[in-house]
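In case you want the letters, here they are:
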Amino acid sequence: MVKVAEKTLEIDCTRRTTSEVNKAIYAGLERGQSVMVRNPASRHNLGVGINHPGKVVFDGNVGYFCAGMLKHADVEVRGNCGWSVGEDMMSGSIVVRGNASAAAGAAIRGGILVVHGNAGPRTGISMKGGAIIIGGNVDYMSGFIMQKGVFIICGNTGEALADSMYEGKVYVRGKVAEFGNDAVTAELTAEDKALLRDLLTKYKVAGIPKPTEFTKIVSGKKLYNFNMKDYELWRVAL
Amino acid sequence: MARRTVGKTSTNGRKAVPAEQFKPLIRESYFYSPEVIEDIQVKAQLGRYRIRGFGTLRQLPSFRDLTFVTSGLSRVPLEGYREKCYTDTILGSRHAKKPLHLKTPVTITGMSFGALSRNAKIALGKAATRIGTSTTTGDGGMLAAEREASHLLVYQVLPSRYGFNPDHLRMADALEVVIGQGAKPGTGGLLLGQKVSEEIANQRDLPPGVDQRSAVRHPDWMGADDLIIKLEELREATDYQLPIYIKLGAGRVTDDVKLAAKVGADVIFMDGMEAGTGASPELQLDHTGIPTMAALVEAVRALDDLGLREEVQLIIAGGISSGADVAKALALGADAVAIGTAALIALNCNRAIYVEDYEKLGTRPGACHHCHTGMCPVGITTQNPELMARLDIEEAADRVFNYLNALTLEVQLIARACGKSNIHDLEPTDLRALTTDASFITGVPMVGSNKVFGQ
Ligand SMILES: Cc1cc2nc3c(=O)[nH]c(=O)nc-3n(C[C@H](O)[C@H](O)[C@H](O)COP(=O)(O)O)c2cc1C
Ligand code: SF4
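Please read these numbers as outputs of a predicted model, since none were measured by experiment.

1. Thoughts on the packing of aromatic side chains
Thinking step 1. With the rule as written, the count across this model stands at 6 aromatic pairs over all chains.
Thinking step 2. Seen from their ring centres, B:Phe440 and B:Phe453 are 6.1 Å apart, and the 70° between their planes marks the pair as edge-to-face. Linking B:Phe440 in helix H15 (residues 436-442) with B:Phe453 in the segment after H15, this pair joins segments that are 13 residues apart in sequence.
Thinking step 3. On the basis of relative accessibility, which here comes to 42%, the residue B:Phe453 falls in the partly exposed class.
Thinking step 4. Through pairs of rings, three or more aromatic residues link up here, namely A:Tyr64, A:Phe65 and A:Trp83.
Thinking step 5. Residue placement shows B:Arg161 over the ring face of B:Phe164; its charged tip is 5.9 Å from the ring centre.
Thinking step 6. Sitting over the face of the ring of B:Tyr354, B:Arg390 holds its NZ or CZ atom 3.9 Å from the ring centroid.

Spelled out as structure tokens, the structure:
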């Protein structure tokens, strides 16, 4: 059922195809309405390709690729999400109240993804900009080949964290199971602290920990160009 | 027969051979040939595998090993100048609301802005627009000038997602999900630091000058089950308008094609072992994958097994350089072909101009495969503005247009000679094999015997 109130459009996923739901979301945003999506029931590809500002709430669990390729809008998931939430996001924001599965925020180039719970393996893989904040833990290969952006993890990480990262900054509050190839620690600067304070306060993640509790991780830049001296590194990287 | 001896008679009656009259052959080892020796010594210096552009230098079973059996008394040919022979080609009719309508079965492959210069990209786009075919973006995203130049532009969705932008997705005419490439199946892209200029770095969100090694697996999905959902995502984001291609590097062809068709591809792009590249590990060019002709017959058979030949279109690429190749590919079951290297050669690649610059690279026109250096003497595979200026866009576009036109006419010529009023009516019975290998691979009868080798 579609109820058009003054300000909020309510879309019930039950007995609607994914295309119908998505088209209703686009139309609502274009009319300037907020959108409340009921009974998402872990459906895949909800809110894909949104290209308009406004607020969209998924009232429950969502499946793969939720809000994939997002631009402009602010999306909230009141539940857990499947693989690759917000993949290839350009702008806007996604806040997940529950946990995220694998590859959350894969290849994003802008915007911000916040997961209040835990996130699976390959979180922030191939990140090219924007920001990701995880309230809990992330699993193996998170931040793999990260190129740019800010990746904040309030809990622990799995193995191969930020492996082969080119640029960008990773901040971890908990334990790092294993540093990825060429991922190295760096001093927290005043700028880093301000950034952490601002983002954690704005999104109220993990009880807003203190910036000083975080370890900063950046690229060692040894994999920028092939160099025989770094053969040991390249043996796994080439 | 008596053994031949030279010179004086020796004490036992045989003639001895004076050394100065005899010039022994300098014999090279088969196993340690000059090429192998050079290869070992280069690696001894480099400390890594060799990387280069162009494609394999090996000889492989190919379309050249086939010939057409045209009309005679038993079949009536069409008149070359008067009778129509259709070349229109439709790609993506399975699910897409807007399939691609091409005027020729020859398309231009995905070659990245980065591997190619801006001028090369624009020239290819202009030529394709004039003839009525498509060009394809590449591992680096969509160049605005390319979108403008190319009337039908296929947008690649690659593992690296360099420069990926949903706006560009929506501006595209078709999408190509890249799983692999014939020149480097099973590995990701390569762009050496000398080609990662400020502009290229910016577009790819990389630091300038890095040796870029891009991912081989997509970041957001893993296996065929996920890909079903990924394709739905791409279709949702583009309102089910655009055809979706899946590009495969030829290897496990039968299984890969079946999976690609089952996950919902509109078009399968099969890239054979001969396929060109901007930069690949040399051992991958020569020692991985399946030759184009073999990949094609395997792919066709796989679609036949599923009963999807009519629904899913097949584009074949890798080493296609003449109208004869195109016609043979169509006869064996391809719906279209794609050319990369041949289009670059039409642009001017390996042309005997600026010879001294080929020499500086340690090569010569006709044998250049130095695209990876970024110092392309003719301005095609370079990001150096001075070198790029050597490629005049309009003249280059004219040459590629002429070449595409020539290829199309060549296919028509063969089709008419075989009595076909549509190039897509060419079929395996129009062919004979010149080698037992080709007969065995394709199931086309051997010349003379009219039997299929091995059957
Ligand atoms: C200079 C150059 C750059 C290429 N860049 C890409 C690319 O970005 N993405 C891709 O899928 N294939 C790329 N390829 C491979 C082509 O798409 C295609 O598979 C190949 O050119 C076909 O073989 P052919 O060159 O023998 O016609 C590139 C090829 C060349 C020659
Ligand atoms: S001429 Fe240019 S495009 Fe052709 S092989 Fe040499 S470097 Fe590559």
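2. Here's the deal with the confidence of the model for chain B
Thinking step 1. Here chain B shows a mean pLDDT of 94. Residues at 70 or above account for 96%.
Thinking step 2. Predicted confidence for residues 1-7 of chain B stays below pLDDT 50, and this span has 10 contacts to residues more than four positions away or in other chains.

3. Some points on the environment of A:Met36
Residues and elements named next belong to chain A.
Thinking step 1. Following the sequence through the fold, Met36 ends up in strand S3 (residues 34-38).
Thinking step 2. A relative accessible area of 12% means that Met36 is categorised as buried.
Thinking step 3. Distance in space between the C-alpha atoms of Met36 and Thr8 is 7.0 Å, their sequence separation being 28 residues.
Thinking step 4. Filtering out sequence-adjacent residues up to four positions away, Met36 remains in contact with Thr8, Leu9, Glu10, Ile11, Val57, Asp59 and Arg78.

4. Some points on the interface of chain B and chain A
Thinking step 1. Each side of the interface is counted separately: chain B has 42 residues, and chain A has 43 residues.
Thinking step 2. For the pair chain B and chain A, the summed buried area comes to about 3,600 Å², and 53% of that belongs to carbon and sulfur atoms.
Thinking step 3. On inspection of chain B and its partner chain A, the count reaches 7 salt bridges.
Thinking step 4. The salt bridge partner of A:Lys71 is B:Asp167, with a shortest N-O separation of 2.4 Å.
Thinking step 5. Applying the counting rule to chain B against chain A returns 24 residue pairs in polar contact (both at pLDDT 80 or more).
Thinking step 6. Those elements giving two or more residues to the side of chain B that touches chain A turn out to be helix H1 (34-46), helix H4 (166-171), helix H5 (198-204), strand S10 (212-213) and helix H6 (224-237) of chain B.
Thinking step 7. In terms of residues, the side of chain B that touches chain A owes the most to one element, H6(B), which gives 8 residues.
Thinking step 8. Looking at the side of chain B that touches chain A residue by residue, the class counts come to 17 nonpolar, 9 polar and 16 charged.

Each value, and the rule that gives it
Residues numbered from 1 in each chain as written. Chains lettered and ligands numbered in written order. Predicted model: local features only at pLDDT ≥ 70, side-chain atom pairs only at ≥ 80, totals over all residues. Heavy atoms only, no water. Phe/Tyr/Trp six-rings, centres within 6.5 Å; stacked < 30°, edge-to-face > 60°. Helix = DSSP H or I, 4+ residues; strand = E, 2+ residues; numbered from the N terminus. Buried < 20%, exposed > 50% of the residue type's maximum accessible area, 1.4 Å probe, protein only. Lys NZ or Arg CZ within 6 Å of the ring centre and 35° of its normal. pLDDT = per-residue confidence, 0-100. Contact = heavy atoms within 4.5 Å. Buried area = accessible area lost by both parts, 1.4 Å probe. Salt bridge = Lys/Arg side-chain N within 4 Å of Asp/Glu carboxyl O. Polar contact = N/O pair within 3.5 Å; in protein donor to acceptor, adjacent residues only side chain to side chain. Nonpolar A, V, L, I, M, F, W, Y, C, P; charged D, E, K, R; others polar.

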